[in-house]
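# Structural characterization, general
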Amino acid sequence: MTDAARLQAFVDRLWDEAVTPTLVDYIRIPNKSPAFDPDWAAHGYMDRAVDLLESWARARLPALPGATLEVVRLEGRTPVILIEVPGEIDDTVLLYGHLDKQPEMTGWSEGLGPWTPVLKDDRLYGRGGADDGYAMFGALSAMLALRDQNVPHARCVILIEACEESGSYDLPPYVDYLSGRIGDPSLVVCLDSGCGNYEQLWLTTSLRGMIAGVLRVDVLTEGVHSGDASGVVPSSFRILRSLISRLEDQITGEILPAELHAAIPAERLTQAKIAAEALGKEVYAKFPFVPGMRPVTDDLVELILNRSWRPQLALIGMDGVPSPGDAGNVLGPYTAAKLSLRLPPTLEADRAADFVKALLERDPPYGATVSFTPDKSGSGWHAPPLAPWLAGAVDRASSAAFGRGVAMMGEGGSIPFMAMLGEKFPKAQFVITGVLGPHSNAHGPNEFLHLPTGKKVSAVVAYVVADHATRKR
């Protein structure tokens, strides 16, 4: 029987004395993911981050008899950290996280910055602490807390990659290479997701897929005087706008083609209603709206479904358009837009990308040169139903750590690793959770790790791993 008070006290002390100071050092390292730092190997920042986490973990391994750690490096790929902790139960639990980071982003508040760790109240500001530097520390904290009370558990494998923010393209070769050491886990714990609030455990039940690409419209070989050409030469921007309207209703934001939608399971509808009751207006109030701005609807359940099960389009970059201060009276030769289309969890991304490309390039207005070049796609993930033992375990864990029962909700983002794991381990149960709650702003300015939640999620992992072993005995 696990002593909950002792377990949480152990985790809290470990975080205060050793985890948080190391995360402060980790935030200082600009180890951007390869997509944002193609010369990552030459710059050495990723190796610095790996060395920091490796050093911290190795210092704790003597408390876990028989545990091993290896930094695995396949040629031309970002490294992974593999930690194996022996167990008393003939089974395997896989715990996953990543240590690479998103780029700096502008708009940080005064005194804050991506590589400037700042401790303020219960928050540790800086890039990567919450997404997802804490994961290895959380997983090892759980292992150490169980060992402190000699609580039996299955063999645990902690896998920390360095390519997640680039789509995890380096990870499948590692999973294949390490398959004999990873084994066939019956439980997978991923610590790279979000939480609806900081008052309870949140399980991610689904992740949307995504396709991204550049839509470009060319109408001239060079820019010309707008007074001479407007009304004769169609604006490349107007054509681009009309093409996007083939995808999206410009008034409501609804994605129009039925081919890009999927049925929402009844269970997920029920969970969305429960989540809406738990969160209330925080469903949208967590976003930094400008004064007078409002969400697309006041229906909280619909907002949750919009961000978890429905396709949505975002324009995330443009080219061919000068900044206002540099804009002369010129009708430009082209306009290009980087589009990001989130997909329902059960929709196949490659087929969706082919459909979108054909839709946008078909019958170009005025005979303009139109191209859509997909550069990133990934299918979403839909969790298998929770086994009764796990449903009870996560609710008990949430009650023990947070004082409230578990809540469940789909996430709007993507974790590419999950779809791959779902295929490799079709019989496994999944616990997908994280610390990215209201205002934590992963990928954006002022990202922070809510330290109390990090501690409680670490305790939750310990409880669930202990319950998993009980089920197997």
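See the structure printed just above.
Note that this is a predicted model, so its numbers are computed, not measured.

This paragraph deals with the environment of D16. With respect to the helices, strands and loops of the structure, D16 is situated in helix α1 (residues 4-27). When the C-alpha atoms of D16 and L451 are compared, they prove to be 9.3 Å apart, with 435 residues separating the residues in sequence. Contact partners of D16, with chain neighbours within four places excluded, come to P21 and K455. Looking at D16, its side chain comes within polar contact range of the side chain of K455, at 2.7 Å.

Let's shift gears to the sheet that holds strand β14 (residues 369-378). In spatial order, the strands read β11-β13-β9-β14; together these four strands make up an open sheet with antiparallel pairing. Two strands bound the open sheet, and with one partner strand each, they are β11 (312-319) and β14. With strand direction ignored, the average angle separating the axes of adjacent strands in the sheet is 20 degrees. Where strand β9 (residues 209-218) meets strand β13 (residues 334-343), ten bridges bridge the pair, whose relative direction is antiparallel.

Another point: a nonpolar patch on the surface. Together, F237, L315, M318 and V321 line one region of the surface with nonpolar side chains, adding up to about 360 Å² of accessible area. With respect to the helices and strands, M318 occurs in strand β11.

Looking now at the nonpolar core. By size, the foremost hydrophobic cluster in this structure holds 80 residues, and its most contacted members are L23, W56, I81, I83, L99, M143 and L449. Not counting the four nearest positions on each side in its chain, L99 is found in contact with Y26, N31, M46, A49, V50, L53, I81, I160, E161 and A162. With 27 residues, the next largest nonpolar core counts L74, V157, L178 and L421 among its residues.

It is worth spelling out the side chain of D100 at this point. Within the fold, D100 resides in the loop between β3 (89-98) and β4 (118-120). At 3.0 Å, the side chain of D100 and the side chain of H98 are in polar contact. Sequence-distant contacts of D100, defined by excluding residues within four places in its chain, comprise Y26, N31, S33, M46, D131, E161, A162, C163, E164, E165 and S166.

Attention shifts here to the sheet that holds strand β17 (residues 429-432). If you walk across this open sheet you meet the six strands as β1-β2-β6-β3-β7-β17, and the pairing is mixed. Across the chains shown, the open sheet's two edge strands, defined by having one partner strand only, are β1 (68-72) and β17. For this sheet, the mean angle separating the axes of adjacent strands, direction not counted, is 15 degrees. Both β3 and strand β7 (residues 187-190) contribute to a ladder of four bridges, which runs parallel. Bridge pairing in β7 places L95 opposite V189. Across the sheet, helix α14 (residues 416-424) touches β3, β6 (154-161), β7 and β17, and the angle it forms with β17 is around 170 degrees.

With that out of the way, let us pick up unusual backbone geometry. Note the cis peptide between D131 and D132, where omega equals 10 degrees. Within the fold, D132 resides in helix α4 (residues 129-148). A positive phi angle is found at Y366, which is not glycine, with a value near 60 degrees. Relative to the elements of secondary structure, Y366 occurs in the loop between α12 (349-361) and β14. Of note, the phi angle at N441 is positive, near 60 degrees, even though the residue is not glycine. Along the chain, the position of N441 falls in the loop between β17 and β18 (448-450).

Our next topic: the packing of aromatic side chains. For the coordinates displayed, the defined rule picks out three aromatic pairs. On the numbers, 4.8 Å between centres and 75 degrees between planes, the contact of W56 with F137 is edge-to-face. Of this pair, W56 sits in helix α3 (residues 45-60) while F137 is found in helix α4, placing the two residues 81 residues apart along the sequence. Using a relative accessible area of 5% as the deciding quantity, one classes W56 as buried. Owing to a relative accessible area of 0%, F137 belongs among the buried residues under this scheme. The side chain of R60 reaches across the aromatic face of W56, ending 4.4 Å from its centre.

Calculation notes
All residue numbers refer to position in the chain's written sequence, counted from 1. Local features in this predicted model are restricted to residues of pLDDT 70 or higher, and side-chain atom pairs are both shown and tallied only at a pLDDT of 80 or more, whereas totals for entire chains, interfaces and linings draw on every residue. Side-chain calculation: all heavy atoms of the structure are included, whereas hydrogens and water are not. We count a stretch as a helix when DSSP gives it H or I for four or more residues in a row; a strand needs E for two or more, and each element gets its number in order from the N terminus. In this analysis, two residues are considered to be in contact whenever any of their non-hydrogen atoms come within 4.5 Å of each other. N or O atoms within 3.5 Å of each other form a polar contact, as long as, within protein, one can give a hydrogen and the other can take it, and as long as residues adjacent in sequence are counted only when both atoms are side-chain atoms. A strand pair is defined by DSSP finding two or more bridges across the two strands. Axis definition: a line fitted to C-alpha atoms, limited for helices to the stretch in contact. Angles are taken between N-to-C directions and run from 0 to 180 degrees. Every patch collects residues that have over 30% relative accessible area and no salt bridge, joining them within 9 Å if they carry like charges and within 5 Å if they are nonpolar side chains (Val, Leu, Ile, Met, Phe, Trp, Tyr). Working definition of accessibility: Shrake-Rupley area with a 1.4 Å probe, residue cover restricted to the visible protein chains. Should a side-chain nitrogen of Lys or Arg be within 4 Å of a carboxyl oxygen of Asp or Glu, the pair is scored as a salt bridge. Buried Ala, Val, Leu, Ile, Met, Phe, Trp, Tyr and Cys residues that are joined via side-chain atoms within 4.5 Å together make up what is termed a nonpolar core. Exposure is judged per residue with a 1.4 Å probe applied to protein chains only, and the accessible area is read against the type maximum: over 50% gives exposed, under 20% gives buried, and values in between give partly exposed. Classification of ring pairs uses Phe, Tyr and Trp, with its six-membered ring standing for Trp, and accepts pairs whose centres are within 6.5 Å; under 30 degrees between planes counts as stacked, over 60 as edge-to-face, and the remaining range as tilted. For a lysine, the NZ atom is tested; for an arginine, the CZ atom; a charge sits over a ring if that atom is within 6 Å of the ring centre and within 35 degrees of the ring normal.

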